[in-house]
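Residue strings, one per chain:
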Amino acid sequence: MTNEEKRLEVERLEKIAYVKQQLADENLGLNEESQWEALTNHVEVHKYLNDEKSGTPSTWEEAFASWKGKVYTPLANVIDWWEVKKAFTAYSRGQLLFAVSNHWYYMLEKDPKVEPEDAAVDFAAYYGKGIASWVSLMRAAAAMRAQYSFYE
């Protein structure tokens, strides 16, 4: 392993440790190192997109703070809604965060105005189980009717 490869590996491990430390109290249920690495990669992608958009590089800490405020916290809030959480009883909070985050990403490709709430409810409505999934389906249908209402 070259010195550069060693430096990059140390940097990668430090970033994972930083994410673990910052989210230690979030009860994510992420037990595997690969899950923490995947979450760290989410921050890396967020950093890359923000840096491209702004034209100036951000520090890792700035990127993490931005990701936490714009991505993590809004998603964490909605995955705690009972109809979302109860539609996926076999998922840990972290697994549900990944799933809804991925769903949100694909929804944003079609409509850049999609909010985390829309993604969580849509995901629960179409992929969840039980009555909680049905409640999410009704909520999603009502939101869609309101969005395309002719009575505005």
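Up top is the structure these notes are about.
This structure is a prediction, so every number in the text was calculated from the model and none was measured. (Residues numbered from 1 in each chain as written. Predicted model: local features only at pLDDT ≥ 70, side-chain atom pairs only at ≥ 80, totals over all residues. Heavy atoms only, no water.)

Caption draft 1: The arrangement of the pattern of salt bridges in detail. The tally for this structure, following the rule as stated, stands at 10 salt bridges. The residue R7 makes a salt bridge to E11 at a minimum N-O spacing of 3.0 Å. Of this pair, R7 and E11 both sit in helix α1 (residues 3-22), four residues apart, which is roughly one turn of that helix. Close ionic contact of E9 with R12 constitutes a salt bridge, the shortest N to O distance being 2.6 Å. Of this pair, E9 and R12 both sit in helix α1, three residues apart, which is roughly one turn of that helix. (Salt bridge = Lys/Arg side-chain N within 4 Å of Asp/Glu carboxyl O. Helix = DSSP H or I, 4+ residues; strand = E, 2+ residues; numbered from the N terminus.)

Caption draft 2: Summary view of helix α2 (residues 33-54). For α2, spanning 22 residues, the distance from its first C-alpha to its last is 31 Å, which sits close to the expected 32 Å at 1.5 Å a residue. Residues of α2 that are buried include every one of Q35, W36, L39, T40, V43, H46, K47 and D51, and no others. Projected onto a plane normal to the axis of α2, the buried residues spread over an arc of 165 degrees and lie on a single side. For α2, the exposed residues lying more than 90 degrees away from the buried face are Y48, E52 and K53. The secondary structure elements touched by the buried residues of α2 are α1, α3 (60-79) and α5 (93-110). (Expected span 1.5 Å × (residues − 1). Buried < 20%, exposed > 50% of the residue type's maximum accessible area, 1.4 Å probe, protein only. Arc of directions from axis to C-beta. Contact = heavy atoms within 4.5 Å.)

Caption draft 3: Inspection of the environment of G29 at higher detail. You can see G29 is positioned in the loop between α1 and α2. Residue class for G29 comes out partly exposed when judged on its relative accessible area of 39%. C-alpha separation for the pair G29 and Q95, spaced 66 residues apart in sequence, amounts to 7.9 Å. The residues contacting G29, other than those within four sequence positions of it, are Q35 and S92.

Caption draft 4: Structural view of the packing of α1 against α2. Viewed as axis vectors pointing N to C, α1 and α2 meet at an angle of 95 degrees, and their least axial separation amounts to 9 Å. On the basis of the axis angle, α1 is roughly perpendicular to α2. Contacts between α1 and α2 involve R12, K15, I16, V19 and K20 on the former and, on the latter, E33, W36, E37, L39, T40 and E44. Of the residues that constitute the contact of α1 with α2, the class distribution is four nonpolar, one polar and six charged. (Axes fitted to C-alpha atoms, helices over the stretch in contact; angles between N-to-C directions. Parallel < 35°, antiparallel > 145°, perpendicular 65-115°, else oblique. Nonpolar A, V, L, I, M, F, W, Y, C, P; charged D, E, K, R; others polar.)

This is a description of form; function is not addressed.
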